[in-house]
Amino acid sequence: MPTAFITGATAGIGAAFARRLAADGFDLVLLARDGERLDRGARDLAERYGVRAGTLVADLATDDGIAAAEERLREGVDLLVNNAGFGHRGTFLDVPVSDELAMLKVHCEAVLRLTSAALPRMLERGRGGVVNVSSVAAFASRGTYGASKAWVVGFSQGVAQDIAGRGNVRVMALCPGFVRTEFHQRAGMDTSNVPSFLWLEQDAVVDTALRDLRRGVQVSVPGAQYKAIVAVTRMMPRELVGRLSARTGRRYD
């Protein structure tokens, strides 16, 4: 059976990837910080789909956590989903610098190091895939979160171009918009001003991601509404895009 390694696997998009890939016959390696919740989810997936579901309790905001993930990835996996991430409870200057650095560690350094650890074995076999979960915030000015997600897009595109032609190995940035997960609640964000048409379902996001990965898409934007928004923002002045973005979904409890 093929094996998928998923970070941030206990909830939201990460859990949706785990369910879908288990249903498709992938064995799983699930990484998260909450060991009890991680073990519970892994047992459920193994029993429901008849796959092997291993766990790795690690904090990707630490060197030890990243190193543990790297060690497992060097053994070889068929698909890596770099999904772990979080938002801050406030805007820049309201957030301690240590928290901002932790975000960069998870969103940027961990993505780089885990991608680097996974790709050599994939290239040796001539097949495999990496999905780096970014955000539509990458295309607007939204503080450290948006900046880090913009880095994920640029990094993923650069790596995809670097390995082009070296077998059936693909690297893709996934850029969803608002998805109904625990993300906004954990970040203390008031999303009551987000129009209903902007919300995406987790399973639909995963379906789009896996379809686009198979097609060789380098930047996947789920949802027709977000494809249109991204296309428009690329034609607008960056400053205006930032002002409009700041008004949507950025109120904090």
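Scope of this entry: the structure provided in the associated data block.

The rules behind these values
Residues numbered from 1 in each chain as written. Predicted model: local features only at pLDDT ≥ 70, side-chain atom pairs only at ≥ 80, totals over all residues. Heavy atoms only, no water. Buried < 20%, exposed > 50% of the residue type's maximum accessible area, 1.4 Å probe, protein only. Helix = DSSP H or I, 4+ residues; strand = E, 2+ residues; numbered from the N terminus. Pairing = 2+ DSSP bridges. Right-handed = clockwise from strand over helix to strand, strands pointing away. Core = buried A, V, L, I, M, F, W, Y, C linked by side-chain atoms within 4.5 Å. Contact = heavy atoms within 4.5 Å. 1 Å grid on protein atoms, 1.4 Å probe; cavity = no way out; pocket = protein on both sides within 12 Å on 5 of 7 lines; lining within 4 Å. Points joined across faces, edges and corners; volume = space filled by probe spheres on them. Nonpolar A, V, L, I, M, F, W, Y, C, P; charged D, E, K, R; others polar. Expected span 1.5 Å × (residues − 1). Bend = angle between axes of the 7 residues up to and from the residue.

**Digging into the pairing of strand β6 (residues 168-174)**
If a strand is regular, its side chains alternate between the two faces of the sheet.
Phase 1 of the analysis: Counting buried positions over the seven residues of β6 gives five, a clear majority of the element.
Phase 2 of the analysis: Relative to β6, strand β5 (residues 127-133) runs parallel, the two sharing seven bridges. Its bridge partner lying in β6, N132 is registered against A173.
Phase 3 of the analysis: Summarising the sheet, β6 and strand β10 (residues 219-220) pair through two bridges and their orientation is parallel. Note on β10: the bridge partner recorded for A173 is V219.

**Structural notes on the pairing of strand β1 (residues 3-7)**
Phase 1 of the analysis: For β1, the buried fraction is high: five of the five residues fall into the buried class.
Phase 2 of the analysis: After leaving β1, the chain enters helix α1 (residues 12-23) and then returns to the sheet as strand β2 (residues 27-32), a path that is right-handed.
Phase 3 of the analysis: One ladder, built from three bridges, connects β1 with strand β4 (residues 79-82); its direction is parallel. When the sheet's bridge partners are listed, A4 is paired in β4 with L79.

**Describing the nonpolar core**
Phase 1 of the analysis: Ranked by size, the top nonpolar core spans 44 residues in total, and within it I6, F17, L21, L28, L30 and L79 carry the most contacts.
Phase 2 of the analysis: Sorting elements by how many residues they give to this core places α1 first, with six residues.
Phase 3 of the analysis: The residues touching F17, leaving out its near neighbours within four places in the chain, are I6, V81, V131, L174, V206, A209 and L210.
Phase 4 of the analysis: Listed in part, the 28 residues of the second largest apolar core include V29, L60, V77 and V130.

**Notes on the layout of surface pockets**
Phase 1 of the analysis: As a volume, the second largest pocket reaches approximately 330 Å³.
Phase 2 of the analysis: Taken together, 15 residues make up the lining of the second largest pocket; nearest its centre are F26, G128, G129, L213 and R214.
Phase 3 of the analysis: Of all the secondary-structure elements, those providing two or more residues to the lining of the second largest pocket are α1, β5, β6 and α7 (202-215).
Phase 4 of the analysis: Classifying every residue of the lining of the second largest pocket by side-chain character gives six nonpolar, three polar and six charged.

**Some details on the environment of V106**
Phase 1 of the analysis: Residue position: V106 is located in helix α4 (residues 97-125).
Phase 2 of the analysis: When its relative accessible area of 8% is taken as the criterion, V106 is described as buried.
Phase 3 of the analysis: With 42 residues separating them along the chain, V106 and S148 place their C-alpha atoms 9.4 Å apart.

**Topic: α4**
At 3.6 residues per turn, the α-helix brings residues three or four places apart onto the same side.
Phase 1 of the analysis: Counted at 1.5 Å a residue, the expected span for α4 with its 29 residues is 42 Å, and the 42 Å between its end C-alpha atoms agrees.
Phase 2 of the analysis: Along α4, the sharpest change in direction is near 35 degrees and occurs at K105.
Phase 3 of the analysis: One or two positions beyond α4, positive phi appears at G126, with a value near 80 degrees.

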